[in-house]
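The chain contents come next:
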Amino acid sequence: MSKSFKHLKTREAFIERANERHNNKYDYSKVKFDKRGPLISYNGKRTRKAPEYNRDQKITITCPVHGDFIQTARKHIEKDPSGCKKCAAEQTGKILKQKWKNGELQAYQRKDQPKPKDGMQICMRCEKELPLTTEHFRIDNQKKTLGFGSTCKNCINKKARSEEEREKQRIRDRLRAKNLPAGIYRATNIITGCVYIGKSIRLPDRIQHHKTCLIMNKHKNPRMQADYNLHGKEHMIYEVIEEHPCDTPSEILYEREREQIIDHIRKGYNLYNRIN
Ligand SMILES: [Zn+2]
Ligand SMILES: [Zn+2]
């Protein structure tokens, strides 16, 4: 039986095994195993003293290049052992670069795609068969096993352009929202004849907000909501009674609103507004 199949019991034995697995690469001076109670058998009896080495414990190992890292003891000494993650990532990168230099990079291929000719790659998006060179494909460093990306540069650029296009549309939408007219509006229940007068710096948005609140039965004005519930939405009408430029200061709108409210009272309208 080879040495490595022996059960490990002590910290020293663990370090010996680890040095074997990793060619004395790491420093184990920070490795500590916690004291454990006796092991208990299935019927609750104490069986034997637990060994110092605990395969499931997380221990601190020091990489000569990257410093301390934490790993489960077992993972560090198993057959295909784990070591410093940063070292591993560097190694993968180096292998990729070397393969790239040797022209050995493999192309990623979907199973349902036809096999490309040697030195060619089929773009996953446009499905064109193109030479497997940096002129047509990007090198993908993210994926361990693959060298070239699966989408051709042309498609990648197209996608970037469409995203730019969408961002421009978003800006246009925002500008449009800013240019919505401001002003004074009136909502009327045509059965009761009762009106609500309001102001807004974005009239269409504000009117839509009233409609939504009423539909959801959450309107701030209880009398207006009650009438709406009783008579239905087809009996609510909305009118813009004064339109102002979108950059009108809100104090002016406030004043105009007051004037309209007073004017409506004078004309004998019944108002939903609370008058202060
Ligand atoms: Zn390292
Ligand atoms: Zn393409």
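Provided above is the structure to which this section pertains.
Each chain carries its own residue numbering, running from 1 in the direction its sequence is written. Ligands are numbered from 1 and chains lettered from A, in the order in which they are written. Given that the model is predicted, a residue must reach a pLDDT of at least 70 before its local features are reported, and side-chain atom pairs must reach 80 or more before they are shown or counted; all residues, however, enter totals for whole chains, interfaces and linings.

What to know about unusual backbone geometry
Leaving glycine aside, a negative phi is the common case for residues, and trans is the common case for peptide bonds.
Phase 1 of the analysis: The phi torsion at Asn23 lies on the positive side, around 55°, for a residue other than glycine.
Phase 2 of the analysis: In this fold, Asn23 is placed in the loop between helix H1 (11–22) and strand S1 (58–63).
Phase 3 of the analysis: Our exposure labels follow a C-beta count within 10 Å of each residue's own C-beta, placed from the backbone: buried means 20 or more other C-beta atoms, exposed means 12 or fewer, and partly exposed covers the counts in between. By C-beta crowding, Asn23 is classed as exposed, having 7 other C-beta atoms within 10 Å.
Phase 4 of the analysis: The phi dihedral of Glu127 falls on the positive side, at around 60°, and the residue is not glycine.
Phase 5 of the analysis: Counting from the N terminus, the helices are DSSP H or I runs at least four residues long and the strands are E runs at least two residues long. Counting through the fold element by element, Glu127 comes out in the loop between strand S3 (120–122) and strand S4 (129–131).
Phase 6 of the analysis: Of the residues examined, Glu127 has 12 C-beta atoms within 10 Å and is grouped as exposed.

So, H1
Phase 1 of the analysis: Expected helix span is computed as 1.5 Å times (number of residues minus one). With 12 residues, H1 extends 16 Å from end C-alpha to end C-alpha; this agrees with the ideal 16 Å at 1.5 Å per step.
Phase 2 of the analysis: Looking at the buried side of H1, the elements it contacts are helix H2 (73–77).
Phase 3 of the analysis: The first or second residue beyond H1 is Asn23, which carries a positive phi of 55°. The contact criterion used here is simple: two residues whose C-beta atoms, placed from the backbone, lie within 7 Å are in contact.

Here's the deal with the sheet that holds strand S10 (residues 270–271)
Working definition: the strands of a sheet are paired by backbone hydrogen bonds and lie parallel or antiparallel to each other.
Phase 1 of the analysis: Taken together, four strands build an open sheet; the order of strands is S9-S7-S8-S10 and the sheet is mixed. Looking at the sheet topology across the chains shown, the edges are occupied by strand S9 (236–244) and S10.
Phase 2 of the analysis: In this scheme, strands are said to pair when DSSP sees at least two bridges between them. As paired elements, strand S7 (residues 182–189) and S9 share eight bridges and run antiparallel to each other. Of the residues in S9, the one forming a bridge with Tyr185 is Val240.
Phase 3 of the analysis: Across the sheet, helix H5 (residues 203–215) is in contact with S7, strand S8 (194–200) and S9; its angle to S7 comes to roughly 25°. In this analysis an axis means a line fitted to C-alpha atoms, helices contributing only their contacting stretch, and an angle means the value between N-to-C directions, from 0 to 180 degrees.

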